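Each chain is listed here by its residues.
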Amino acid sequence: MNAVIPAPAQATVPVAGGGVFPVRRIYCVGRNYVEHAQEMGFTGREPPFFFMKPADAVVAVAEGETGVIDYPSLTQNLHHEIELVVAIGAGGRDIAAADAFKHIYGYAVGLDMTRRDLQGEMKKQGRPWCIGKGFDQSAPIGPIHAASASGELSRGAITLAVNGQPRQAGDLSQLIWKVGEIIEHLSRAWVLAPGDLIFTGTPAGVAAVLAGDVMLGAIEGLGSLRVAVR
Ligand code: MN
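Presented here is a report on the structure given in the accompanying data block. The numbers attached to residues start from 1 for each chain and follow its sequence in the written order. With pLDDT at 70 or above as the cut-off, local features in this predicted model cover only qualifying residues; side-chain atom pairs require 80 or more to be listed or tallied, and sums for whole chains, interfaces and linings still use all residues. The basis for every side-chain value is the complete set of non-hydrogen atoms in the structure, without hydrogens or water.

1. Side note on the packing of aromatic side chains
Turning to step 1, where the next piece is worked out: Side-chain rings of Phe, Tyr and Trp, where Trp is taken by its six-membered ring, are said to pair if the distance between their centres is within 6.5 Å; with planes under 30 degrees apart they count as stacked, over 60 as edge-to-face, and otherwise as tilted. This model, assessed by the stated rule, comprises five aromatic pairs.
Turning to step 2, where the next piece is worked out: Aromatic side chains Phe21 and Tyr105 sit 6.0 Å apart centroid to centroid with 35° between the ring planes, which places their arrangement in the tilted category. Placement of Phe21 in strand β2 (residues 20-22) and of Tyr105 in strand β9 (residues 104-111) is noted, with a sequence separation of 84 residues between them.
Turning to step 3, where the next piece is worked out: When the centroid spacing of 6.3 Å and the interplanar angle of 85° are considered together, the rings of Phe50 and Trp190 count as edge-to-face. One end of the pair, Phe50, is in strand β4 (residues 50-53); the other, Trp190, is in the loop between α5 (179-189) and β15 (197-199), with 140 residues separating them in the sequence. Only runs of H or I of at least four residues qualify as helices and only runs of E of at least two qualify as strands under DSSP, and these elements are numbered from the N terminus.

2. Some words on the pattern of salt bridges
Turning to step 1, where the next piece is worked out: The rule for a salt bridge is simple: a side-chain nitrogen of Lys or Arg has to be within 4 Å of a carboxyl oxygen of Asp or Glu. By the definition in use, this model includes nine salt bridges.
Turning to step 2, where the next piece is worked out: One salt bridge connects Asp196 with Arg24, and the closest N-O pair in it is separated by 2.8 Å. One end of the pair, Asp196, is in the loop between α5 and β15; the other, Arg24, is in the loop between β2 and β3 (26-29), with 172 residues separating them in the sequence.
Turning to step 3, where the next piece is worked out: Working definition: with a 1.4 Å probe on protein chains only, accessible area under 20% of the residue-type maximum means buried, over 50% means exposed, and in between means partly exposed. The buried category is assigned to Asp196, whose relative accessible area is 0%.
Turning to step 4, where the next piece is worked out: Here Arg24 falls in the partly exposed class, since its relative accessible area comes to 33%.

3. What about the coordination of the manganese ion?
Turning to step 1, where the next piece is worked out: For Na, K and Ca the donor cutoff is 3.2 Å, while for all other metals N, O and S atoms count as donors only within 2.8 Å; water does not appear among the atoms, so some sites may look incomplete. The manganese ion binds to the protein through Glu81 (OE), Glu83 (OE) and Asp112 (OD), with metal-donor distances spanning 2.0 to 2.1 Å.
Turning to step 2, where the next piece is worked out: Read N to C, the donor residues that coordinate the manganese ion are spaced as E-x1-E-x28-D. Taken as a pair, Glu81 in the loop between β7 (78-79) and β8 (82-88) and Asp112 in the loop between β9 and β10 (114-115) lie far apart in primary sequence, 31 residues in all.

4. Things to note about the sheet that holds strand β14 (residues 165-171)
Turning to step 1, where the next piece is worked out: If DSSP finds at least two bridges between two strands, the strands pair. Sheet architecture is open: five strands sit in the order β6-β17-β16-β13-β14, paired in mixed fashion. The open sheet is flanked by β6 (66-69) and β14, the only strands paired with a single partner. Recorded for the sheet is a direction-independent mean angle of 20° between the axes of neighbouring strands.
Turning to step 2, where the next piece is worked out: Bridge analysis of β6 against strand β17 (residues 223-229) gives four bridges, and the strand direction is parallel. From the neighbouring strand, Gly67 faces β17, where its bridge partner is Val227. Here the axes come from fitting lines to C-alpha atoms, over the contacting stretch only for helices, and the angles between their N-to-C directions go from 0 to 180 degrees.

5. Let's talk about the side chain of Asp213
Turning to step 1, where the next piece is worked out: Its place among the elements puts Asp213 in the loop between β15 and β16 (214-219).
Turning to step 2, where the next piece is worked out: Here Asp213 is buried and forms no salt bridge, its nearest opposite-charge partner Arg167 lying at an N-O distance of 4.9 Å.
Turning to step 3, where the next piece is worked out: Of the polar contacts made by the side chain of Asp213, one reaches the side chain of Asn163; its length is 2.8 Å.
Turning to step 4, where the next piece is worked out: For Asp213, the contacting residues outside a window of four places in its chain are Val162, Asn163, Val227, Ala228 and Val229. Asp and Glu count as negative and Lys and Arg as positive, but His and the ends of the chain are not part of the count. Definition of a polar contact: a pair of N or O atoms within 3.5 Å, with one able to donate and the other able to accept a hydrogen when the atoms are protein atoms, and with sequence-neighbouring residues admitted only if both atoms are side-chain atoms. Any two residues having at least one pair of non-hydrogen atoms within 4.5 Å are treated as being in contact.

Here it is as structure tokens:
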């Protein structure tokens with residue numbers, strides 16, 4: 001390739017036990033736990049909807065390490081959203097929910113960081129959410145755990161604490177749209193491919209973080225994700 005500018009770096013996420021997962025796209029599901037949908041002012045019965053983050057919004061955090069993100073520009077209300085992340089290993093279109101597990105390489109703990117004030121302003125004006133959701137360093141993520149080892153992940157505690165104080169708590173069994181159903185819906189709208197990550201939504205308790213705060217997220221079976229804001 002005769003690139004006329006320096007080629008962009010490939011975003012990657014470490015895999016527990018060795019290797020890296022190259023990231024192609026990041027899809028996110030909105031409002032996928034009833035209590036969080038309610039705290040955002042909705043009933044929780046709407047069909048699933050999606051937004052995206054750029055692949056290079058990933059901040060990969062190795063096991064046992066503390067990731068660091070900079071407090072982003074333009075916001076005064078940076079929110080944490082702890083989420084189960086699904087890593088696609090085999091692509092496809094029109095994937096049935098019952099076949100979805102075959103397409104999953106693994107799972108990780110992720111944070112869908114959100115400039116809530118900007119997202120709210122865009123919502124009010126009927127404009128795209130990009131500036132509220134798809135900003136630099138908005139997708140911290142821990143190591144990917146192979147699904148071949150864990151099996152299908154459909155229940156287990158998902159929690160987030162800030163400076164040791166509990167903020168978010170839920171269970172993967174409370175997902176309104178299950179992982180298989182998410183993949184079914186997504187793969188009708190886009191052709192999924194190896195390297196795609198899917199953030200599956202956050203439980204109730206979203207709130208603001210400030211520079212100096214340390215977030216500790218965890219999902220049963222996937223370990224923890226520690227991220228400091230500076
Ligand atoms: Mn989210």
